[in-house]
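# Fold and contact review
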Amino acid sequence: MYRRKFAKETQNMNIIITDDYEQMSARAAEIAVRIVTENPNAVLGLATGTTPLGLYKRLIADRAQNGTDYSAVRTVNLDEYMGLPKTHEQSYAYFMRKNLFDALGIAPENTNIEDGTATDEQAECARYDATLEKLPRDFQLLGLGSNGHIAFNEPNTPFGSTTHVVTLADSTVKDNSRLFSQISEVPRKAFTMGLKSIMQAKKILVLASGANKADAVFGMVRGEVTESLPASVLQLHPDCTLIVDKAAASKL
Ligand code: GLP
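It should be emphasised that the depicted structure is a prediction, and the values quoted were computed from it without experimental measurement.

Let's shift gears to the packing of helix H2 (residues 53-66) against helix H3 (residues 92-104). At a minimum axis separation of 9 Å, H2 and H3 run at an interaxial angle of 20 degrees. Relative to H3, the element H2 is oriented roughly parallel. Here the hand of the crossing between H2 and H3 comes out left-handed. Facing Leu53, Tyr56, Leu59, Ile60 and Arg63 of H2, the residues of H3 in contact are Phe95, Met96, Asn99, Leu100, Ala103 and Leu104. In terms of residue class, the contact of H2 with H3 is made up of nine nonpolar, one polar and one charged.

This brings us to the layout of surface pockets. Each pocket or cavity is described by its volume, and for the largest pocket that value is around 690 Å³. Listed by contribution, the elements that provide at least two residues to the lining of the largest pocket are strand S5 (79-81), H3 and helix H5 (170-176). Among the elements that take part in the lining of the largest pocket, H3 stands out by supplying five residues, more than any other. Taken together, the residues that form the lining of the largest pocket break down as 14 nonpolar, 14 polar and six charged. Of the pockets and cavities examined, the second largest pocket occupies roughly 390 Å³. For the second largest pocket, the lining is made up of 20 residues, of which Lys86, Ala93, Thr111, Ile113 and Glu114 are closest to its centre. When contributions to the lining of the second largest pocket are tallied by element, the ones reaching two or more residues are strand S4 (74-77), H3 and strand S6 (111-112). Residue contributions to the lining of the second largest pocket peak at five residues, all from H3. Considered class by class, the residues forming the lining of the second largest pocket number eight nonpolar, six polar and six charged.

Attention now goes to the packing of aromatic side chains. What the rule picks out here adds up to four aromatic pairs. When the centroid spacing of 4.8 Å and the interplanar angle of 40 degrees are considered together, the rings of Tyr81 and Tyr92 count as tilted. Of the two residues, Tyr81 sits in strand S5 while Tyr92 sits in helix H3, which places them 11 residues apart along the sequence. An angle of 80 degrees between the planes, with centres 5.7 Å apart, marks the rings of Tyr81 and Phe180 as edge-to-face. Note that Tyr81 is positioned in strand S5 and Phe180 in the loop between H5 and strand S9 (189-192), a separation of 99 residues in sequence. On the basis of relative accessibility, which here comes to 2%, the residue Tyr81 falls in the buried class. Here the aromatic cluster, defined as three or more aromatic residues joined through ring pairs, consists of Tyr81, Tyr92, Phe152 and Phe180.

Parameters and conventions
- Residues numbered from 1 in each chain as written.
- Predicted model: local features only at pLDDT ≥ 70, side-chain atom pairs only at ≥ 80, totals over all residues.
- Heavy atoms only, no water.
- Axes fitted to C-alpha atoms, helices over the stretch in contact; angles between N-to-C directions.
- Helix = DSSP H or I, 4+ residues; strand = E, 2+ residues; numbered from the N terminus.
- Parallel < 35°, antiparallel > 145°, perpendicular 65-115°, else oblique.
- Left-handed = near helix turned anticlockwise from the far one by under 90°.
- Contact = heavy atoms within 4.5 Å.
- Nonpolar A, V, L, I, M, F, W, Y, C, P; charged D, E, K, R; others polar.
- 1 Å grid on protein atoms, 1.4 Å probe; cavity = no way out; pocket = protein on both sides within 12 Å on 5 of 7 lines; lining within 4 Å.
- Points joined across faces, edges and corners; volume = space filled by probe spheres on them.
- Phe/Tyr/Trp six-rings, centres within 6.5 Å; stacked < 30°, edge-to-face > 60°.
- Buried < 20%, exposed > 50% of the residue type's maximum accessible area, 1.4 Å probe, protein only.

Such coordinate-based values are descriptive only and should not be taken to indicate function.
Take a look at the structure:
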């Protein structure tokens, strides 16, 4: 495992390259546990997807072993599929409860996510923006889409965006279909936190693993800062760490 600082291309991004997914997850867990230990009232911005699962398993194991206390932590999630109620197994609300919140003892009232069943889209986006405003994040965890998206901010989303409704890119529907029994079941629309809101977190941690993320990682770190690769905006964040395994870092 080694660290790299790309002085010219990315003045602020701290990059940690690990041998594999497990090492990436372990390193991420150290950072997350430290944040909660130092500030038990921390507001954590959390992400779904396959990538953070190893980190979440480690947070659960750490709590069992060391008693790290999450009872005063509040969470805000990035995004939610439109049309899925929080009881639906593929909803992100369900994912968080099953893979993290229950096991960490985080009460439902301390968690926040867009309501996938909201019928008034604008009102739901405004409600979520107000929630984000009330809960400034100490920490924001991000995965990375193979097309460079973060949360569900697909290519060409304005950097100034707040919570909004997106139509998912075909590549995202295809990528995410592995978690559904068939591709036709993947919702085509979602609510997502916007790029401006993501950038407002005090500290950002991005995780990426596997060769199918290598192009997106390259663009995020070395490419120009452009709305056509949403993750490139992170080059402008003053405290952003990327933990990436060798396969995903292969083009750096
Ligand atoms: C989804 C989520 C993103 C996530 C991305 C990558 O589209 N909305 O927040 O980062 O997928 O997912 P994975 O970690 O499964 O590769």
